[in-house]
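# Topology and contacts: notes
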Amino acid sequence: MEFNVKKLASDAGVFFSRAMQFTEEKLGQAEKTELDAHFENLLARADCTKNWTEKILRQTEVLLQPNPSARVEEFLYEKLDRKVPSRVTNGELLAQYMTEAANDFGPGTPYGKTLIKVGETQRRLGAAEREFIRSASINFLTPLRNFLEGDWKTISKERRILQNRRLDLDACKARLKKAKAAEAKAAAVPDFQETRPRNYVLSASASALWNDEVEKAEHEMRLTQTEFDRQAEVTRLLLEGISSTHVNHLRCLHEFVESQTNYYAQCYQFMLDLQKQLGSSKGELFSGTFVGNADSTSPAAAPSAPAVAAAPLPAVPTIPVVPTIVGVPNTVAEGVLNPNEVKPPASGTRKARVLYDYEAADSTELALLADEMITVYSLPGMDPDWLIGERGNQKGKVPVTYLELLS
């Protein structure tokens with residue numbers, strides 16, 4: 001018990017000494033041991049690494065899990081060292097709703113079939129998102145979190161110890177300075193003209209006492225200087241390890257980008273496949289809106305057919321339908337035409353923006369590049385899924401599903 005009391009008193013004395021030294025430094029009443037410029041640069045780089053790692057970690061967590069409640073739940077499970085329960089992604093939940101709706105509307109109906117196709121794609125997107133989150137968490141978030149919870153805590157602990165060692169060293173320097181000043185004052189030549197020679201004895205005794213105090217202070221300063229130098233070397237080695245941390249984080253960043261690239265590539269491929277599956281139904285929708293039915297292309301029915309009368313891309317009246325001759329096919333009706341023989345209508349053409357790249361299958365088709373603008377119009381007897389497109393002197397058939405018709 002006596003040992004504990006002495007230790008407690010000693011710790012209290014050390015704490016009080018450090019507090020006084022720190023306060024006097026802040027007030028400008030005490031000198032402070034400055035670290036070299038290289039050490040200060042290492043400290044600044046370490047603080048910068050810690051601050052930006054925290055920000056990148058938090059924002060990546062927001063990117064992977066936008067729901068703050070879900071993030072808090074996952075954090076609590078990790079702190080309790082329990083397995084995080086599997087959570088359905090938004091895409092998988094949407095796929096479930098679409099499948100259930102298709103069963104209610106009838107899976108054989110056009111709407112039901114489309115719901116099933118879109119729902120299946122949403123399910124695949126949700127599975128890809130789950131895999132991306134898992135990969136990013138393992139390859140990117142975990143190393144960042146390990147640095148903050150492991151290496152950085154060790155660095156912070158050693159920096160606090162170094163700070164205490166510096167305060168102890170400066171306090172010893174201050175005590176030594178005061179002891180030397182008192183010793184010099186006591187060693188001053190006494191006034192022998194005094195009627196009491198006792199002053200000389202007292203002065204010699206005080207000088208000896210302060211001499212002992214100076215030696216004691218010098219011994220303490222040598223010990224604290226050695227401890228400070230040793231702690232400074234330990235801290236410096238840890239701070240120089242930040243370079244290895246940057247290399248490790250760089251590797252993790254490359255893995256994160258690779259995971260994100262694979263995820264978006266999968267999403268693009270899934271949606272491209274879905275767009276191709278829905279192309280025919282989308283073409284029927286466009287044909288009913290912009291081209292009209294094939295039966296309305298006859299000269300007698302065209303004036304009275306409401307679909308043709310309201311069509312944004314009217315048929316060209318100047319190009320007659322080639323009559324069918326025995327042994328000679330009707331090339332226009334069968335969708336085979338020579339683009340060079342096609343003449344655009346005097347009015348009724350429209351501008352269209354290309355949605356996707358398209359490679360022409362033969363010389364009658366026009367190759368397309370995404371986001372380019374072309375001029376389009378329809379012809380009597382054409383397949384409703386196709387239009388005639390023009391780009392400068394180039395002309396050919398283009399699929400409706402690859403276009404966004406502009407007003």
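Please refer to the structure higher up on the page.
For every chain, the first residue of the written sequence is number 1, and numbering continues from 1 onward in sequence order. At least 70 in pLDDT is required for a residue's local features to be given in this predicted model, at least 80 for side-chain atom pairs to be given and counted, and no such filter applies to totals for whole chains, interfaces and linings, which use all residues. Side-chain figures throughout are based on the complete set of non-hydrogen atoms in the structure, without hydrogens or water.

Attention now goes to the overall build of the protein. Helix and strand definitions here come from DSSP, where helices need a minimum of 4 consecutive H or I residues and strands a minimum of 2 consecutive E residues; each element is numbered from the N-terminal end. Secondary structure summary: the protein contains nine helices and five strands in total. Secondary structure elements in the protein, listed N-terminal to C-terminal, are α-α-α-α-α-α-α-α-α-β-β-β-β-β. Here's how the labels work: a residue is buried when its accessible area is under 20% of the maximum for its type, exposed when over 50%, partly exposed in between, all with a 1.4 Å probe on protein chains only. Looking at the protein as a whole, 32% of its 407 residues qualify as buried. The criterion used for residue contact is that any of the two residues' heavy atoms lie within 4.5 Å. Taking as baseline every contact in the protein between residues at least 6 positions apart, the subset at least 24 positions apart corresponds to 70%. In these tables, accessible area is a Shrake-Rupley quantity obtained with a 1.4 Å probe, and a residue counts as shielded only by the protein chains included in the view. Surface accessibility of the protein: about 25,900 Å² in total, with carbon and sulfur atoms responsible for 58%.

Below, the discussion takes up the packing of helix H2 (residues 37–64) against helix H7 (residues 242–277). Only the stretch in contact is used when a helix axis is fitted, and all axes are lines through C-alpha atoms; the angle between N-to-C directions ranges over 0 to 180 degrees. At a closest axis distance of 12 Å, the pairing of H2 and H7 adopts a crossing angle of 20 degrees. In terms of their interaxial angle, H2 and H7 are classed as roughly parallel. Here the hand of the crossing between H2 and H7 comes out left-handed. Between H2, through Arg45, Ala46, Thr49, Thr53, Thr60 and Leu63, and H7, the contact on the second element is made entirely by Ile242, Ser243, His246, His249, Phe256 and Gln260. For classification purposes, an angle smaller than 35 degrees is called roughly parallel, one larger than 145 roughly antiparallel, one from 65 to 115 roughly perpendicular, and anything else oblique. In this scheme the handedness of a crossing depends on how the near helix is turned from the far one: anticlockwise by less than a right angle means left-handed, clockwise means right-handed.

Any carboxyl oxygen of Asp or Glu that lies within 4 Å of a side-chain nitrogen of Lys or Arg is treated as forming a salt bridge with it. One pass over the full model with this rule turns up 17 salt bridges. Among the salt bridges present, the one from Arg353 reaches Glu404, with a minimum N-O distance of 2.6 Å. Linking Arg353 in strand S1 (residues 350–354) with Glu404 in strand S5 (residues 403–405), this pair joins segments that are 51 residues apart in sequence. Looking at Glu404, the relative accessible area reads 30%, which means it is partly exposed. What emerges from the salt-bridge pattern is a single network uniting Glu233, Arg236 and Glu240.

Our focus in this paragraph is H2. Expected span of a helix, by definition, is 1.5 Å for each gap between consecutive residues, and there is one gap fewer than residues. In this model H2 runs 40 Å from its N-terminal to its C-terminal C-alpha over 28 residues, within 8% of the 40 Å that 1.5 Å per residue would give. When H2 is considered as a whole, its buried residues turn out to be Phe39, Leu42, Leu43, Ala46, Thr49, Thr53, Leu57, Thr60 and Leu64.

Okay, the packing of aromatic side chains next. Here a pair means two rings of Phe, Tyr or Trp (six-membered ring of Trp) with centres within 6.5 Å. Their orientation is stacked below 30 degrees between planes, edge-to-face above 60, and tilted elsewhere. With the rule as written, the count across this model stands at nine aromatic pairs. Judged by centre distance (6.4 Å) and plane angle (70 degrees), the ring pair of Tyr358 and Trp386 falls under edge-to-face. Of this pair, Tyr358 sits in the loop between S1 and strand S2 (373–377) while Trp386 is found in strand S3 (residues 386–391), placing the two residues 28 residues apart along the sequence. Clustering of aromatic rings is evident, with ring pairs tying together Phe132, Phe140, Phe256, Tyr263 and Tyr264. Above the face of the Trp386 ring, Lys397 is positioned so that its terminal group lies 5.1 Å from the ring centre. Working rule: Lys NZ or Arg CZ, within 6 Å of ring centre, within 35 degrees of ring normal, means a charge sits over the ring.

Looking now at helix H4 (residues 90–105). The end-to-end C-alpha distance of H4, which contains 16 residues, comes to 22 Å, matching closely the 22 Å that a straight helix rising 1.5 Å per residue would cover. Among the residues making up H4, those that are buried are Gly91, Glu92, Ala95, Met98 and Ala102. All buried residues of H4 lie within an arc of 120 degrees about the axis, which places them on one face of the element. Opposite the packed face of H4, turned more than 90 degrees from it, sit the exposed residues Asn90 and Asp104. Those residues of H4 that are buried lie in contact with helix H5 (110–186). Gly106, located one to two residues past H4, shows a positive phi value of around 110 degrees. An arc is given here, and it is the one of the directions from the helix axis to the C-beta atoms.

The next thing to look at is unusual backbone geometry. A positive phi angle, near 75 degrees, is found at Asp371, a position not held by glycine. Summarising the element assignment, Asp371 is placed in the loop between S1 and S2. Of the residues examined, Asp371 reaches a relative accessible area of 54% and is grouped as exposed.

Bringing the pairing of strand S4 (residues 394–399) into the picture now. Pairing between two strands is assigned when DSSP locates at least 2 bridges connecting them. Of the strand pairs in this sheet, S3 and S4 are connected by six bridges, and their pairing is antiparallel. Looking at S4, one finds that Arg391 is bridged to Gln394.

A cluster of nonpolar side chains, contributed by Val88, Leu93 and Tyr97, occupies part of the molecular surface with about 280 Å² of accessible area. Mapped onto the elements of the fold, Val88 is located in the loop between helix H3 (68–79) and H4. Only residues whose relative accessible area exceeds 30% and that form no salt bridge enter a patch; like-charged residues are grouped when within 9 Å of one another, and nonpolar side chains (Val, Leu, Ile, Met, Phe, Trp, Tyr) when within 5 Å.

All right, on to the sheet that holds S3 then. Strand order in the open sheet formed by five strands is S4-S3-S2-S1-S5, with antiparallel pairing between adjacent strands. Of all strands in the sheet, those bounded by a partner on one side alone are S4 and S5. Each neighbouring strand pair of the sheet contributes to a mean axis angle of 40 degrees, computed without reference to strand direction. Taken together, the four bridges between S1 and S2 define a ladder with antiparallel strand orientation.

For the rest of this paragraph, the subject is the nonpolar core. Residues belong to a common nonpolar core when they are buried Ala, Val, Leu, Ile, Met, Phe, Trp, Tyr or Cys residues joined through side-chain atoms within 4.5 Å. Grouped together as the largest cluster of nonpolar side chains are 28 residues, with contacts concentrated most on Phe132, Phe140 and Leu239. Tallying contributions element by element places H5 first for this core, with 13 residues. In this structure, Leu366, Ile374, Val398 and Tyr402 belong to the second largest nonpolar core, which totals 18 residues.

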